[in-house]
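Results of the structural survey
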Amino acid sequence: MATILDGKSLITAETIAASLPRKNIEPHSEAFETARVELALILHATHQQIEKRKDPAEIIRRLMSYLEATRSKVHPDVWQALIPVVQNHPVLEYFLEDPLTRWSHSKPRGYSGDAQLLDYIYCDPHVAESVENASEIGKALYSHTKDVPSCVAARERRDLLTRYVDEIATRNGPEAEVLAIAAGHLREANCSAALKEGRLKRWVALDQDPQSVGLITRDFQGTAVEAIDGSVRTVLTRGHKLGSFDLIYASGLYDYLVHKVAVKLTKTCLQMLKPNGTFLFANYAEGNPDAGYRETFMNWVLLLRSEADMWNIINASVDRNTVEAQVFFGENRNVLYGVIKKRG
């Protein structure tokens, strides 16, 4: 059963769709028809490979490559029109045997990119039973999807967050306070030495999903972690009196925020920082090679950004003379990070 959200969330399929580039294309325009025919051939070839019981990992690898090549060469409007063509094709059922693809496509919690989906990406013990119960084809597909570049980057992002928290605790001592916005299941806390050793005053985990808030409350009972039910809108309207922090981060949120909202949230977070505090936000980068598969079979659309886009958010949010700012790629260049440090 899908989670009923609080109605205050700014992250909905409608807001994502509305932010995508749109042009009035005729359904039978030449560009669309040419691409549709090419895509039909790709899907037909994939169907033949499935019927011949070819190696699932090889089938999905080739399909991902074809989909990304198609996505890269057509106009964004044409690509958006092609997505339903893929989602209505019989081969979909084969790929839904992969527990990661199935969870993303069906959205049991009612929205994209939920914390349980991240658990599949993290290969977290909480989803081990679900993976074990998948079909042999599903397991073989998952062995590939869990290691595509975006998933590798997500695991690196989780570990980077842990390092930032531990470094803040080391630098600021036991009075250090941290805020995670759209915290999910807060898996980065599992390996935090600072949390384990009691070197944090507060680690506030804010999320719009009551299931995630409940899980955090259960898993981190008796620690510095405080789980709070709240959305982006809650932060923007100061719906909670959260206080001020040495580190604030939003690692899986900006992928869903249009520029205007991203700037507003960044400004708000900077106001909540203590002197010398740090704000970190992350975003999947343009050129992500598994976007074609993610947007079709996984039914998961993200707002991909460039380095310039990240700098545009920073420059629109703050006087650069009052902060130290940087933008950098993760190791495989699939995730971009923006880091803003307030000068004391």
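In short, a report on the structure. Just so it is clear, the structure is predicted and the values come from calculations on it, not from any experiment.

What follows covers the environment of Glu136. Turning to its location among the elements, Glu136 is positioned in helix α9 (residues 136–145). Separated by 150 residues in sequence, Glu136 and Glu286 have C-alpha atoms that sit 33 Å apart. A distance of 3.4 Å separates polar atoms of two side chains, one belonging to Glu136 and the other to Lys139.

The next thing to look at is the packing of aromatic side chains. Counting across every chain of the model gives 10 aromatic pairs. Considering the side-chain rings of Tyr254 and Phe279, the 6.3 Å spacing of their centres and the 50° angle between planes classify their relative orientation as tilted. Placement of Tyr254 in the loop between β4 (245–250) and α14 (259–271) and of Phe279 in strand β5 (residues 273–284) is noted, with a sequence separation of 25 residues between them. Owing to a relative accessible area of 0%, Tyr254 belongs among the buried residues under this scheme. Judged by relative accessible area, which is 0%, Phe279 ranks as buried. An angle of 20° between the planes, with centres 5.8 Å apart, marks the rings of Phe279 and Phe281 as stacked.

As a further point, take the nonpolar core. Phe95, Ile121, Leu186, Leu200, Trp203, Tyr249 and Phe297 are the most contacted members of the largest nonpolar core, which has 74 residues in total. Ranked by residues supplied to this core, first place goes to helix α10 (residues 149–172) with 9 residues. Ignoring anything within four residues of it in the chain, the contact list for Tyr249 reads Leu161, Val165, Val178, Leu179, Ala180, Ile181, Leu186, Glu188, Trp203, Phe279 and Leu280. One finds Leu242, Leu257, Leu270 and Ile314 within the second-largest nonpolar core, a separate group that totals 33 residues.

Here Gln49 is to be found in helix α2 (residues 30–51). Non-local contacts of Gln49, meaning those with residues more than four positions away in its chain, are made with Lys54, Ile59 and Arg62.

Another aspect to go through is the pattern of salt bridges. Pairing is possible between side chains that carry opposite charge, provided their charged atoms lie close to one another. In this structure the tally under the stated criterion is 21 salt bridges. Asp119 is paired through a salt bridge with Arg187; the nearest N and O atoms lie 2.8 Å apart. Here the residue Asp119 occupies a position in helix α7 (residues 115–122), and Arg187 occupies one in the loop between β1 (177–181) and α11 (193–196), the gap between them amounting to 68 residues. Summarising the burial analysis for this pair, Asp119 and Arg187 share the class buried. What you see here is one network of salt bridges that share partners, running through Asp119, Asp124, Arg187, Arg218 and Asp219.

To continue, consider empty space enclosed by the protein. If you walk through the whole model with that rule in mind, you get 2 cavities of 30 Å³ or more. Roughly 480 Å³ of volume is contained in the largest cavity. Considering every element that reaches the lining of the largest cavity, the biggest residue donor is α7, with 5 residues. Roughly 80 Å³ of internal volume is contained in the second largest cavity. What lines the second largest cavity is simply Met64, Leu100, Ile121, Thr145, Val148, Ser150, Cys151, Asp290, Tyr293, Arg294, Met298 and Trp300. Broken down by secondary-structure element, the contributors of at least two residues to the lining of the second largest cavity are α10 and α15 (291–296). Counted by class, the lining of the second largest cavity contains 8 nonpolar, 2 polar and 2 charged residues.

The rules behind the values
- Residues numbered from 1 in each chain as written.
- Predicted model: local features only at pLDDT ≥ 70, side-chain atom pairs only at ≥ 80, totals over all residues.
- Heavy atoms only, no water.
- Helix = DSSP H or I, 4+ residues; strand = E, 2+ residues; numbered from the N terminus.
- Polar contact = N/O pair within 3.5 Å; in protein donor to acceptor, adjacent residues only side chain to side chain.
- Phe/Tyr/Trp six-rings, centres within 6.5 Å; stacked < 30°, edge-to-face > 60°.
- Buried < 20%, exposed > 50% of the residue type's maximum accessible area, 1.4 Å probe, protein only.
- Core = buried A, V, L, I, M, F, W, Y, C linked by side-chain atoms within 4.5 Å.
- Contact = heavy atoms within 4.5 Å.
- Salt bridge = Lys/Arg side-chain N within 4 Å of Asp/Glu carboxyl O.
- 1 Å grid on protein atoms, 1.4 Å probe; cavity = no way out; pocket = protein on both sides within 12 Å on 5 of 7 lines; lining within 4 Å.
- Points joined across faces, edges and corners; volume = space filled by probe spheres on them.
- Nonpolar A, V, L, I, M, F, W, Y, C, P; charged D, E, K, R; others polar.

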